[in-house]
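Fold and geometry: a report
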Amino acid sequence: QVQLVESGGGLVQAGGSLRLSCAASGRTVSNCDMGWFRQAPGNGRDLVSAIYWSDSSTYYADSVKGRFTTSRDNGKNTVYLQMNRLALEDTAVYYCTLRCDGDPSFNYWGQGTQVTVSS
């Protein structure tokens with residue numbers, strides 16, 4: 001049973017920073033792509049960032065490029081999302097997800113952590 005547990009969300013003023021963590025248990029993540037999605041009220045769930053197991057390359061949505069950084073620690077089975085220069089539009093529930101063993105879909109999800117950016 002794979003479990004993903006996010007932490008690090010909270011309330012922050014615009015311009016501030018937060019670091020999200022996602023700890024995985026139940027399997028090793030060394031051969032998994034790891035992603036961060038977010039969902040704002042009334043919106044769908046959008047991919048924000050991903051880091052790929054094959055070469056640790058990364059993907060960022062245009063809206064967060066230059067502000068967010070994703071990294072992973074395979075030894076700790078953990079992925080991180082460092083969020084800097086947060087803006088009001090970054091307010092959302094952030095979800096950690098895995099895609100393992102060549103599966104085309106992200107099929108393991110955490111429970112989500114709320115990030116609220118205030119003016």
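Above: the structure in question.
All of the points below concern the structure found in this document. (Residues numbered from 1 in each chain as written. Predicted model: local features only at pLDDT ≥ 70, side-chain atom pairs only at ≥ 80, totals over all residues. Heavy atoms only, no water.)

Looking only at helices and strands, the protein features zero helices and 11 strands. Its helices and strands in sequence order give the protein the pattern β-β-β-β-β-β-β-β-β-β-β, from N to C terminus. Relative to its length of 119 residues, the protein is compact, with a C-alpha radius of gyration of 13 Å against a globular reference of 14 Å. Dimensions of the protein along its principal axes, counting C-alpha atoms only, are 40 × 25 × 25 Å. Counting over 119 residues, the protein shows a buried share of 45%. In the protein, the proportion of contacts linking residues at least 24 apart, taken out of those at least 6 apart, comes to 53%. (Helix = DSSP H or I, 4+ residues; strand = E, 2+ residues; numbered from the N terminus. Rg over C-alpha atoms; globule rule 2.2 N^0.38 Å. Buried < 20%, exposed > 50% of the residue type's maximum accessible area, 1.4 Å probe, protein only. Contact = heavy atoms within 4.5 Å.)

What follows deals with the pairing of strand S5 (residues 45-51). Relative to S5, strand S4 (residues 32-39) runs antiparallel, the two being bridged by six bridges. Note that in S5 the partner of Gly-35 across the bridge is Ala-50. Taking the residues that link successive antiparallel strands as the turn, the S4-S5 hairpin has five residues, and the phi of Gly-42 there is positive, at about 85 degrees. Bridge count for S5 against strand S6 (residues 58-60) is three bridges, and the pairing is antiparallel. The residue of S6 that forms the bridge with Ala-50 is Tyr-59. If you look at the hairpin formed by S5 and S6, you'll find six residues sitting between the two strands, and Ser-56 has a positive phi there, around 60 degrees. (Pairing = 2+ DSSP bridges.)

Excluding glycine, residues mostly carry a negative phi; peptide bonds, for their part, are mostly trans. If you check the backbone angles, Asn-77 has positive phi at about 55 degrees while not being a glycine. Within the fold, Asn-77 resides in the loop between strand S7 (68-73) and strand S8 (78-83). For Arg-85, which is not glycine, the phi torsion reads 50 degrees and is therefore positive. Within the fold, Arg-85 resides in the loop between S8 and strand S9 (92-100).

On to the side chain of Thr-113. Tracing the backbone through its elements, the reader meets Thr-113 in strand S11 (residues 113-118). Within the structure, the side chain of Thr-113 is placed 3.3 Å from the backbone nitrogen of Gly-9, a separation counted as a polar contact. (Polar contact = N/O pair within 3.5 Å; in protein donor to acceptor, adjacent residues only side chain to side chain.)

Turning next to the pattern of salt bridges. Under the defined criterion, the tally for this structure stands at five salt bridges. Asp-101 is the salt-bridge partner of Arg-27, the closest N and O atoms lying 2.9 Å from each other. Taken together, the residues span a long stretch of sequence, with Arg-27 in the loop between strand S3 (18-25) and S4 and Asp-101 in the loop between S9 and strand S10 (108-109) at a distance of 74 residues. In the salt-bridge network here, residues are joined through shared partners; they are Arg-38, Arg-67 and Asp-90. (Salt bridge = Lys/Arg side-chain N within 4 Å of Asp/Glu carboxyl O.)

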